[in-house]
Amino acid sequence: MGYDFVLGGESHTVHPIHEPEGPNLRIDGQPLRAELVPGLARGEFFLEVDGRRERLFLASEGDVHFVHWRGRTHRVEAINALERARRAASAAGGTEVLRAPMPGTVVEVATRAGEDVVAGALLMTIESMKLQTAITSPRDARVAEVFVSPGATFDQGAELVRLESAEDEGEADPGDPGKGGQPG
Amino acid sequence: MSQVRGIEKVLVANRGEIALRVARTLRRLGIQSAAVVHADEAGSPAALSVDEACPIDGDTPVAAHLDSEQIIAIARRIGADALHPGYGFLAENADFAEAVEAAGIRWIGPSPESIRLMGDKIESRRFVGAAGHPLTPSASEEDDPSTFAERAAAIGFPLLIKASAGGGGKGMQIVAAADELARAIDLARSEAERYFGDGRIYAERYVEAPRHVEVQILADAHGHVLHLGERDCSIQRRFQKLIEETPAPAMSDALRARICEQAVGIARAARYRNAGTVEFVLAPDGEFYFLEMNTRLQVEHPVTEMVTGLDLVEQQIRIAAGQPLAFAQEDVRFEGASIECRLCAEDADQDFRPAVGRLLRVHPPEGAGVRFDGGIAEGGSVTTAFDPMLAKIIVHGANRQEAIERARRALSETVILGCTTNAAYLERILGHADFAAGRVETGFIPAHAKELAAEPLRPNERATILAAAALANRDFNERVEAVPQPHASMGAWRN
Amino acid sequence: MMRRMESRIDPHSAAFERFREANLARVGEFRRRQQEARFERPQRDLDRLAHHGKNFVRDRIEQILDPGTPFLELSSLAANSEYEGQSRSASVVTGIGIVSGREVMIRADDPSIKAGAWYPLTVKKNVRCLDIAIENRLPVVHMCDSAGGFLPLQAEMFADRTSAGRIFRNQSILSKMGVPQLSLVFGHCTAGGAYIPSLSDYAVILRGNGGIFLGGPPLVKAATGEIVDADTLGGADVHTQVSGVADYAANSEEEAILLGREIVAQWSRPEKTTIEMREPEPPLHDPAELYGIIPDDIKIQFDMREVIARIVDGSYFHEYQPDYGKTLVCGYAYVWGHKVGILGNNGVLFNDSSLKGAHFIELCDKNRTPLVFLQNITGFMVGREYEAQGICKDGAKFIMTQSGASVPKFTIMINGSFGAGNYGMCGRAYDGRFIFSWPNHQIGIMGAEQAANTLADVKIRQLERAGQKLSEEDVRAIREPVIESYAIESSAYYATSHLWDDGIIDPVDTRNALGVAISASLGAPIEEPGYGVLRL
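Fair warning: this is a prediction, and the values are worked out from it, not measured in the lab. (Residues numbered from 1 in each chain as written. Chains lettered and ligands numbered in written order. Predicted model: local features only at pLDDT ≥ 70, side-chain atom pairs only at ≥ 80, totals over all residues. Heavy atoms only, no water.)

Some words on the overall build of chain A
Part 1: Scanning chain A from terminus to terminus reveals 1 helix and 17 strands.
Part 2: For chain A, buried positions account for 39% of its 184 residues.
Part 3: The long-range share in chain A, meaning contacts at least 24 apart out of those at least 6 apart in sequence, stands at 40%.
Part 4: Put simply, chain A shows about 9,700 Å² of open surface, and 48% of that area lies on carbon and sulfur atoms. (Helix = DSSP H or I, 4+ residues; strand = E, 2+ residues; numbered from the N terminus. Buried < 20%, exposed > 50% of the residue type's maximum accessible area, 1.4 Å probe, protein only. Contact = heavy atoms within 4.5 Å. Areas by Shrake-Rupley, 256 points an atom, 1.4 Å probe, with all protein chains shown as cover.)

Quick notes on the overall build of chain C
Part 1: Scanning chain C from terminus to terminus reveals 20 helices and 17 strands.
Part 2: When its C-alpha atoms are laid out on the principal axes, chain C stretches across 75 × 65 × 50 Å.
Part 3: Relative to its 536 residues, chain C shows a buried fraction of 57%.
Part 4: For chain C, the computed accessible surface area is about 22,100 Å², with 53% contributed by carbon and sulfur atoms.
Part 5: Side chains of chain C give 56 positive and 68 negative charges; the mean places of these two sets differ by 4 Å. (Lys, Arg positive; Asp, Glu negative; His and termini not counted. Charge placed at Lys NZ, Arg CZ, Asp CG, Glu CD.)

So, the sheet that holds strand β7 (residues 159-163) of chain B
Residue and element names in this part refer to chain B.
Part 1: With respect to topology, 4 strands assemble into an open sheet ordered β6-β9-β7-β8, the strand pairing being antiparallel. Where the open sheet ends on each side, the last strands, each with one partner, are β6 (138-140) and β8 (173-175). Direction aside, the axes of adjacent strands within the sheet are offset by 20° on average.
Part 2: Packing of helix α9 (residues 181-196) onto the sheet brings it into contact with β7, β8 and β9 (201-205), and relative to β7 it is tilted by some 25°. (Pairing = 2+ DSSP bridges. Axes fitted to C-alpha atoms, helices over the stretch in contact; angles between N-to-C directions.)

Some remarks on the packing of aromatic side chains
Part 1: Going through the model one piece at a time under the given rule, you end up with 18 aromatic pairs over all chains.
Part 2: Geometrically, the ring pair formed by C:F350 and C:Y386 is edge-to-face, given 5.5 Å between the ring centres and 70° between the ring planes. Of this pair, C:F350 sits in the loop between β13 (338-345) and α13 (351-367) while C:Y386 is found in helix α14 (residues 384-389), placing the two residues 36 residues apart along the sequence.
Part 3: For C:F350, a relative accessible area of 23% corresponds to the partly exposed category.
Part 4: For C:Y386, a relative accessible area of 17% puts it in the buried group.
Part 5: Ring pairing ties together the aromatic residues A:Y3, A:F5 and B:F476, which thus form one cluster.
Part 6: Here the guanidinium or amino end of C:R33 rests over the ring plane of C:Y493, the centre of that ring lying 3.8 Å away.
Part 7: Lying across the ring of C:W336, C:R511 places its NZ or CZ 4.3 Å from the centre. (Phe/Tyr/Trp six-rings, centres within 6.5 Å; stacked < 30°, edge-to-face > 60°. Lys NZ or Arg CZ within 6 Å of the ring centre and 35° of its normal.)

What about the pairing of β9(B)?
Residues and elements named next belong to chain B.
Part 1: For β9, a buried count of 4 out of 5 residues is recorded, marking the element as mostly surrounded by other parts of the structure.
Part 2: Two strands pair when backbone bridges link them, and β6 and β9 are joined in this way by 3 bridges, in the antiparallel orientation. Within β9, the residue paired with S140 across the bridge is Y202.
Part 3: Two elements, β7 and β9, share 5 bridges in a ladder whose sense is antiparallel. Residue L160 lies in a different strand from β9, and its bridge partner there is E204.

A few points about the nonpolar core
Part 1: By size, the foremost hydrophobic cluster in this structure holds 67 residues, and its most contacted members are C:V307, C:I308, C:I342, C:I414, C:F436 and C:W438.
Part 2: Considering every element that reaches this core, the biggest residue donor is helix α4 (residues 120-136) of chain C, with 7 residues.
Part 3: When neighbours within four sequence positions are excluded, C:I308 is seen to be in contact with C:M5, C:F317, C:V329, C:I342 and C:L374.
Part 4: Counting 37 residues, the second-largest nonpolar core is a separate cluster that includes B:L390, B:I404, B:A407 and B:L430. (Core = buried A, V, L, I, M, F, W, Y, C linked by side-chain atoms within 4.5 Å.)

Some remarks on the domain arrangement of chain A
Part 1: Structurally, chain A comprises domain 1 (3-81) and domain 2 (91-164).
Part 2: Put simply, the middle of domain 1 of chain A and the middle of domain 2 of chain A, counted by C-alpha atoms, are 45 Å apart. (Domains from an automatic or database assignment.)

Things to note about the environment of C:K272
Part 1: Structurally, the position occupied by C:K272 is in the loop between α10 (253-264) and α11 (290-293).
Part 2: The residues touching C:K272, leaving out its near neighbours within four places in the chain, are C:E103, C:S519, C:A520, C:L522 and C:G523.

Looking at the sheet that holds strand β11 (residues 225-237) of chain B
Residues and elements named next belong to chain B.
Part 1: Read across the sheet, 8 strands follow the order β14-β13-β10-β11-β12-β15-β22-β20 without closing on themselves; strand pairing throughout is antiparallel. Strand pairing shows two members of the sheet lacking a second neighbour, β14 (288-294) and β20 (370-374), which therefore form its edges. For this sheet, the mean inter-axis angle between neighbouring strands, taken without regard to orientation, is 25°.
Part 2: Summarising the sheet, β11 and strand β12 (residues 240-246) pair through 4 bridges and their orientation is antiparallel. Each residue of the ladder has a partner; that of Q236, found in β12, is K241.
Part 3: Against the sheet, helix α11 (residues 301-308) engages β10 (211-219), β11, β12, β15 (337-344), β20 and β22 (389-397), with an angle of about 25° to β22.

Quick word on the confidence of the model for chain C
Part 1: Residues with a pLDDT of 70 or more make up 100% of chain C, whose mean pLDDT is 94.
Part 2: In the model output, the complex is listed with pTM 0.80 alongside ipTM 0.92. (pLDDT = per-residue confidence, 0-100.)

A look at the interface of chain B and chain A
Part 1: Listed as interface residues are 57 residues of chain B and, on the opposing side, 50 residues of chain A.
Part 2: Where chain B abuts chain A, roughly 4,700 Å² becomes buried across the two surfaces, and 67% of that area is made up of carbon and sulfur atoms.
Part 3: There are 2 salt bridges connecting chain B and chain A.
Part 4: A salt bridge links A:E61 to B:R358, with the shortest nitrogen-to-oxygen separation between them at 2.5 Å.
Part 5: Counting every contact that joins chain B to chain A gives 7 residue pairs in polar contact (both at pLDDT 80 or more).
Part 6: Those elements giving two or more residues to the side of chain B that touches chain A turn out to be β12, β17 (353-354), β19 (361-363), β23 (415-417), α18 (459-472), α19 (474-482) and α20 (487-490) of chain B.
Part 7: Element by element, the count of residues in the side of chain B that touches chain A is highest for α18(B), at 12 residues. (Buried area = accessible area lost by both parts, 1.4 Å probe. Salt bridge = Lys/Arg side-chain N within 4 Å of Asp/Glu carboxyl O. Polar contact = N/O pair within 3.5 Å; in protein donor to acceptor, adjacent residues only side chain to side chain.)

Focus: the interface of chain B and chain C
Part 1: Each partner contributes to the interface: chain B provides 14 residues, whereas chain C provides 26 residues.
Part 2: Between chain B and chain C the total buried area reaches about 1,700 Å² when both faces are included, carbon and sulfur atoms providing 58% of it.
Part 3: If you look at where chain B meets chain C, you find 1 salt bridge.
Part 4: B:R494 is the salt-bridge partner of C:E62, the closest N and O atoms lying 2.9 Å from each other.

Spelled out as structure tokens, the structure:
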């Protein structure tokens, strides 16, 4: 299992090779040897790769790296494989039953069967021992069934909501390309 | 000590690149400078470049910059002699210009009447036509709403439906054939209402493969009007200018002279004062028609400065101070060629989607004939709060070819990390054979869309970039270093 | 600072060529059997895996290991001679690998064999795996996916001291020692198996396939009449939301493994025991020449030094007492950078070689130098002269010091391992951290020939006393069955099947196996040196 990086919308795998000589990276299956050496100017680096010396500029913010090389700037994002697997798995979904963490009563129900909810969305509020607890969705999903209604009492472990996988999730809007102050 | 008598302190009612550029001239002229600054931009280069940064606020940063009362109150409070509106925001707002002058502050720009006249697309066309200058065949709805569609159709297809109060490509509909006309009219009208608060529309002939040619005008309060040459701004995407140059390529000197002469005539007829730009549509057959007049300094004014050696902001200030122009038309010299590229925060590889991010590295281009007008600095954030133009890269060369080479090199050497820009895309335009040959027209970009698309990376190029990123990635390095010895040296051995 | 060993073998000699062919054939056979045990499964079982959306056990292991790192698999041919060969690798894969930069022991059920059911040798392999974890303080990653005990053979794996209960006892002791364990529940953990995640510090359970229950649905129905499906009884939601038996729920095997890696990354890395170290260096002499050095006949002698020269770093060796006790080679060397003391047989053990061995072990123990035993021993010298010289007490001293040595001990069964020689040279009973054997290895109380002769001899004398004589055919009738059964029961395959060692390895893999093993052993502290009373 290697480490994944996204470049130009495509995912690529980088494996470290630990041998002391020869290639130290395997990128999409191809071995190569590369060392990153800082240059003098701020953000300037030299990548010594397979005998060549490539001058580039590099800046990083968290797991996003910007590389300026041969007149073009590229954005590379390191993917946390676990996060990606969680998102893929939760999108593919499957059924999940949320159960009561303690005995109590239902204060209000904030959803209904058929509704698509996002991770963290409030599904219902329950009360127990004078304390109100929010039951939220653990992932993006569709509410398949709500088993209780306001005022109902339940035991610990009782089924409260059943979730199933939501259908395709929409892309966020890129935003209006024109904003105020636009020069002519 | 101000070099311009009567103007000791100027408030710049703008932000970003233009505020920085105006402040530069103010400093050179020994004039005290102030600028309105929204809290989000407190540390910006523009805010830091002026003597006095005056906070403004509003529901949004844009709203703050459109709040005339607040701005005038600030100008009064700080004792500004004059106000420079830059471009965009309130620069072409006649009411604002009036209010500024009413407050006893000089408006660095034309008179409110000129702004009002030229700001109204229908009125301005009527005026220019009446003054005997060439106009695109057109029809205004206002004249007789019931016959508008007919009169529009009479112009011939294809035609354009435009908003009278509009600009920047908004409220514009291209109509290819008669059956599209009604719907286009409705759409244009509702967009005009929505964006400009003014639903008046007009129709005009749509020139195919037109060039956008404009003339820089300078006029003083003593009746002197002259031109500083033309600019070709045909390279546009969705009506937004991307690359501007002077002199206009592939143009006879005779045509050049005629266009500039017409521009001066229009400005004179309008009794124009200060800097302004007359825009024309140039048809392939050599006919040109008045499009509109911009009653302010334009984004692309630096190319004119590069070939004439003049500082247009300085000229604006002197004119506002009442000084006569210090030179006549025959004194104006034009040397070499200049090209400007608008560097924008957008992803040309992803359908020009707006880009945002924190600017981690900014290395502007340098070298002979290279000028970088940018309001950005390392550490600043690019958001969708303001327009996506980050900076202008302007080059000068002895001739157009040299200018193109310098511009291409400057774009390649410009390093902006943290926010995607269109730098590589601009470089590809400049490198296109048709551009080099001067075969420019406003449809250049859609016509060459395929050739201008970025070449996909080759696998070994991808590997280089990925290697650099992986080796810079902290997590990757930690995991690599975490592997103990002798296991690391043993590699992926299995028994 | 040492001298490099010189090699005196002739790689072009006829003998070398003959041995090489024979050993290549042996290794070929070993590799073939290993391939079969590792990968060949009845299509029906593979279909069942696919039907449940389960990945093959070895794929699960490859996914959890750090890329570009070694994996030392133990006992890959366990149970090969039992159960008609049905329990491949004893239905469980164990081995030492690197996960998130940490050395861990991996124990993974193989659900492609009878749904992962445990056979008696599965239990033995599991217990051994956890014994290794305890002795070396290795954290453990369990990949649980088993239908439970193979009931027809329950008597062999339930009640005894080292039967199934020992697995859970070992887990508890590991935990007491502060060594973390992670369970990834990919399938069922039924009955005793449910204790594996319950006794682990961290448990991840797969939604859908994963289930943990002391009694599975059939048992519950039989016991109380209650009808309940596996998921409701002990699935992910019950255990991560209600009961607390598991800590994390994962929606896919990939997510479970990645989560497992993230969990292991939270474990602190305690300081390891330090011993003398040096930059590693491959042997100067080609390890592939080992194939031409080991004879094709167990009676033929070879110089153990030639073997040492092809296992140790740079072929460097500092020989101890080179002119005394020549049937035992002793000396210091480095393996993957670790300084070790090597004892290798070069013939039968005499008084002097026994004393030399005992003395060298004392030196290593005091010096905190791990010991590596290279076995090729037919036994101690017998005969009146040697008994009179006290071969018994000299052998005893050897056993006494070796048993008492506190430094980690490693044994490679290079060739034969017969009789008491096995004992002194740290056979299985002597708590070496790891034992590996070569495919040509043979082990027994004595050699087949010797046993056949002894038994025939006994019979001959018996009949002589009764005044009878044995015909040649009768002699053969006595000898041949003995030789045949010894051939089977002395082979490396039989030994490894019963877990008398921790796996057969290709001779050229010896240095790497030792490298991983020694590194793992340094996870535990080395006790103070000491041993019992030496009969001097």
